[in-house]
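In case you want the letters, here they are:
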Amino acid sequence: MNQKPVSKILVLDKSSVHNRTIKEFCDANGLVPLKARKSTVMAVLRTNIDLGGILYSDDFGDTPEETVQLALDIHAARPELPIFMRCDSQSSQTGLENKLDQIICATYLADGMEKLRDAINRYIFCVMYPNALLRGISEITTSVLTNQFQNLTVTVDTPYIVRDRVIFGELFSLIPLESAWCRGFMMLQAEATPLMAMANGRSAIPAQPTFREVNDLLGEITNLIWGAFKNRYIGDNQASLSRVVQVPIIVNHNHRYISFGSENPQLCFHLRLTDQVTGSCFSIYERFIFNLSWSPDDFMEIPQEVNQLIASGELELF
Amino acid sequence: MANVLVVDDSGTVRDEVASFLRGAGMDVATAVDGNDGLAKLRTDPRIKLVVADVNMPNMDGLTMAEKIRSELRNATVNIIMLTTESSPNMKERGKAAGVKGWIVKPFKGAAVVESFKKLVG
């Protein structure tokens, strides 16, 4: 698996000439482009919960006024997403900057993709994640889900960076991560009905589970991933005294939105659990939000003495 | 009356472990946290083995183990921790509290059932 995170980016640019440049740029810079038409922009924003940003062109609307209004509408709908605007010329770049300077994070010219690259790195790929961490989270999560769901195949996409704050599904769990090198939360998100259907007969919960039993299953999955994460990356290291610092977490049910009080991008893993016989599939999104502290230079894997290793599930008698 | 007490805040784990142990012929009671575990131990003298999680609300499993020895003055019941935790410090604290053994989740009943039967006696 490629361990360099990618990021899904919404492309709102009608230029057929520039589209090839954008495609090449995305391929070269870890971006997964998602195109939308003017008429579908708001629907795409509502249904895509894991975007990293938006590439917008200054002629996306039929008129300059429409271009401005659409940008304002997009920003109002998803203010956490950085908008990078391509301008036709230096003059229009300056003109639109004046009208949209509150919501456009960077502008660029078609022949000046270096500026876009710098902006992408500043706004999306601004947090570095150690390869060992990305690989380990994938391994831990895949192992836990494989153990919890019999006869389902678990696959995980390349980890990606998201900026949005939209909640996927109806069910999510949160658990704090506290260490000397990171402080924040792990969050698992799932749709309740598919999870309930797929868990039925394939997991430790009873047949025909109630929503509380499905809640409990997600809680235990969270606990198992958290425990393995701690054992592998935190050990007995204590977080610094700054651990007393906390910020409120805000959930807006109406907008299916959760804020951790930080504008930082989040690290996201998309897990797919598939029944190979029927082809039915459901998703779990796993996010890591290091909103309180992030010191990747201090990241370390806890070395395990081979003679001290006891396999999970086995009894170690004292 | 039971001879095994399973203490876990997760209903999924509680039911899974209890169901397996009952299938292996043991009498099993359950508790949802350390407080509940202490209460069950106070009222059921037949319990010979406690299988407890560490991370639980209200009272964690290690505190419960310490209180079993100090407050209940029960020096004979065998305590096994079944937990996601595997840090040496946690285990040392468990040993100091008189914990007999440690299992890192997930629970694999077949791997431990014979040991459990010996501990129940």
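Residues numbered from 1 in each chain as written. Chains lettered and ligands numbered in written order. Predicted model: local features only at pLDDT ≥ 70, side-chain atom pairs only at ≥ 80, totals over all residues. Heavy atoms only, no water.

Enquirer: How would you sum up the layout of surface pockets? Please name residues and give values.
Expert: Residue and element names in this part refer to chain A. What the second largest pocket holds in volume is close to 400 Å³. Considering the residues around the second largest pocket, the lining is formed by 17 residues, among which Leu45, Arg46, Arg78, Val166 and His255 are closest to the centre. Taken together, the elements giving at least two residues each to the lining of the second largest pocket come down to helix 2 (41-47) and helix 3 (64-77). Ranked by residues supplied to the lining of the second largest pocket, first place goes to helix 2 with four residues. Split into classes, the residues belonging to the lining of the second largest pocket amount to 10 nonpolar, three polar and four charged. Here the lining of the second largest pocket spans two domains, and each of domain 1 (7-123) and domain 2 (131-312) adds at least three residues to it. (1 Å grid on protein atoms, 1.4 Å probe; cavity = no way out; pocket = protein on both sides within 12 Å on 5 of 7 lines; lining within 4 Å. Points joined across faces, edges and corners; volume = space filled by probe spheres on them. Helix = DSSP H or I, 4+ residues; strand = E, 2+ residues; numbered from the N terminus. Nonpolar A, V, L, I, M, F, W, Y, C, P; charged D, E, K, R; others polar. Domains from an automatic or database assignment.)

Enquirer: Residue-level account of the interface of chain B and chain A, with values.
Expert: The interface of chain B with chain A comprises 30 residues on the first partner and 21 residues on the second. Summed over both partners, the interface of chain B with chain A comes to about 2200 Å²; 53% of that surface belongs to carbon and sulfur atoms. Summed over the three residues of chain B that lose the most area to chain A, namely B:Thr12, B:Thr84 and B:Pro106, the buried surface amounts to 25% of that side. Its salt-bridge partner being B:Glu85, residue A:Lys230 comes within 2.4 Å of it at the nearest N-O pair. At the surface where chain B touches chain A, the tally comes to 11 residue pairs in polar contact (both at pLDDT 80 or more). Looking at which element gives the most residues to the side of chain B that touches chain A, the answer is helix 4 (residues 88-96) of chain B, with five residues. Within the side of chain B that touches chain A, the residues separate by chemical class into 12 nonpolar, 10 polar and eight charged. Strand direction decides the pairing type here: strand 14 (residues 315-317) of chain A and strand 5 (residues 101-104) of chain B, joined by three bridges, are antiparallel. From the neighbouring strand, A:Leu315 faces strand 5 of chain B, where its bridge partner is B:Ile103. (Contact = heavy atoms within 4.5 Å. Buried area = accessible area lost by both parts, 1.4 Å probe. Salt bridge = Lys/Arg side-chain N within 4 Å of Asp/Glu carboxyl O. Polar contact = N/O pair within 3.5 Å; in protein donor to acceptor, adjacent residues only side chain to side chain. Pairing = 2+ DSSP bridges.)

Enquirer: Outline empty space enclosed by the protein, supporting the account with residue identities and numerical values.
Expert: All names here are of chain A. What the rule picks out here adds up to one cavity of 30 Å³ or more. There is about 30 Å³ of room inside the largest cavity. Contributing to the lining of the largest cavity are Ser262, Asn264, Pro265, Gln266, Ile289, Phe290 and Asn291. Examining the composition of the lining of the largest cavity, we find that three residues originate from one element, strand 13 (residues 281-294), more than from any other. Counted by class, the lining of the largest cavity contains three nonpolar, four polar and no charged residues.

Enquirer: Break down the pairing of strand 2 (residues 28-31) of chain B for me, citing the residues and quoting the values.
Expert: The pairing of strand 1 (residues 4-7) of chain B with strand 2 of chain B spans four bridges and is classified as parallel. Bridge pairing links B:Val4 to B:Val28 in strand 2 of chain B.

Enquirer: Outline the packing of aromatic side chains, listing residues and values.
Expert: By the definition in use, this model includes 18 aromatic pairs over all chains. Centre to centre, the rings of A:Phe149 and A:Phe282 are 5.8 Å apart; their planes meet at 70 degrees, and the pair counts as edge-to-face. Pair noted here: A:Phe149 is in the loop between helix 6 (131-148) and strand 6 (153-156) and A:Phe282 is in strand 13, with a separation of 133 residues, a long-range link. Here A:Trp181 and A:Phe299 contribute two aromatic rings whose centre-to-centre distance is 5.0 Å and whose plane-to-plane angle is 90 degrees, an arrangement assigned as edge-to-face. Placement of A:Trp181 in the loop between strand 8 (171-178) and strand 9 (182-190) and of A:Phe299 in the loop between strand 13 and strand 14 is noted, with a sequence separation of 118 residues between them. Like A:Trp181, the residue A:Phe299 is buried in the burial classification. In this arrangement the basic side chain of A:Lys4 is found over the ring face of A:Phe125, its NZ or CZ atom lying 5.1 Å from the centre. Just above the ring of A:Phe318 sits the side chain of B:Lys95; from NZ or CZ to the centre is 5.2 Å. (Phe/Tyr/Trp six-rings, centres within 6.5 Å; stacked < 30°, edge-to-face > 60°. Buried < 20%, exposed > 50% of the residue type's maximum accessible area, 1.4 Å probe, protein only. Lys NZ or Arg CZ within 6 Å of the ring centre and 35° of its normal.)

Enquirer: Could you give an account of the state of the cysteines, naming the residues involved and the relevant values?
Expert: Two cysteines form a disulfide when their sulfur atoms are joined by a covalent bond. Residue and element names in this part refer to chain A. Here the structure, examined in full by the defined rule, presents zero disulfides over all chains. Its sulfur unpaired, cysteine 126 is 11 Å from the next cysteine sulfur, which belongs to cysteine 105. No disulfide involves cysteine 268; its nearest neighbouring cysteine sulfur is the one of cysteine 281, lying 15 Å away. By relative accessible area, cysteine 268 is classed as buried at 0%. (Disulfide = S-S within 2.5 Å.)

Enquirer: Report on the sheet that holds strand 3 (residues 49-52) of chain B, specifying residues and quantitative values.
Expert: Pairing within the open sheet is mixed, and its six strands lie in the order 14(A)-5(B)-4(B)-3(B)-1(B)-2(B). The open sheet terminates on both sides in strands that have one partner only, identified here as strand 14 of chain A together with strand 2 of chain B. Adjacent strand axes in the sheet meet at a mean angle of 20 degrees when their direction is disregarded. Contacts from helix 3 (residues 61-70) of chain B reach strand 1, strand 3, strand 4 (78-83) and strand 5 of chain B within the one sheet, and its direction differs from that of strand 4 of chain B by about 175 degrees. (Axes fitted to C-alpha atoms, helices over the stretch in contact; angles between N-to-C directions.)

Enquirer: How would you summarise the domain arrangement of chain A if you had to cite specific residues and measurements?
Expert: All names here are of chain A. The domain architecture assigned to chain A consists of domain 1 (7-123) and domain 2 (131-312). Listed per partner, the contact involves 12 residues of domain 1 and 13 residues of domain 2. Here domain 1 and domain 2 share an interface that buries about 1000 Å² over both sides, 53% of which is from carbon and sulfur atoms. It is Ile49, Asp50 and Glu80 in domain 1 that bury the most area against domain 2; as a group they hold 59% of the surface buried on that side. Here domain 1 and domain 2 share one salt bridge between them. Across the pair aspartate 164 and arginine 78 runs a salt bridge, and its minimum N-O distance is 3.3 Å. Joining domain 1 to domain 2, the criterion identifies nine residue pairs in polar contact (both at pLDDT 80 or more). Its residues placed into classes, the side of domain 1 that touches domain 2 shows five nonpolar, three polar and four charged.

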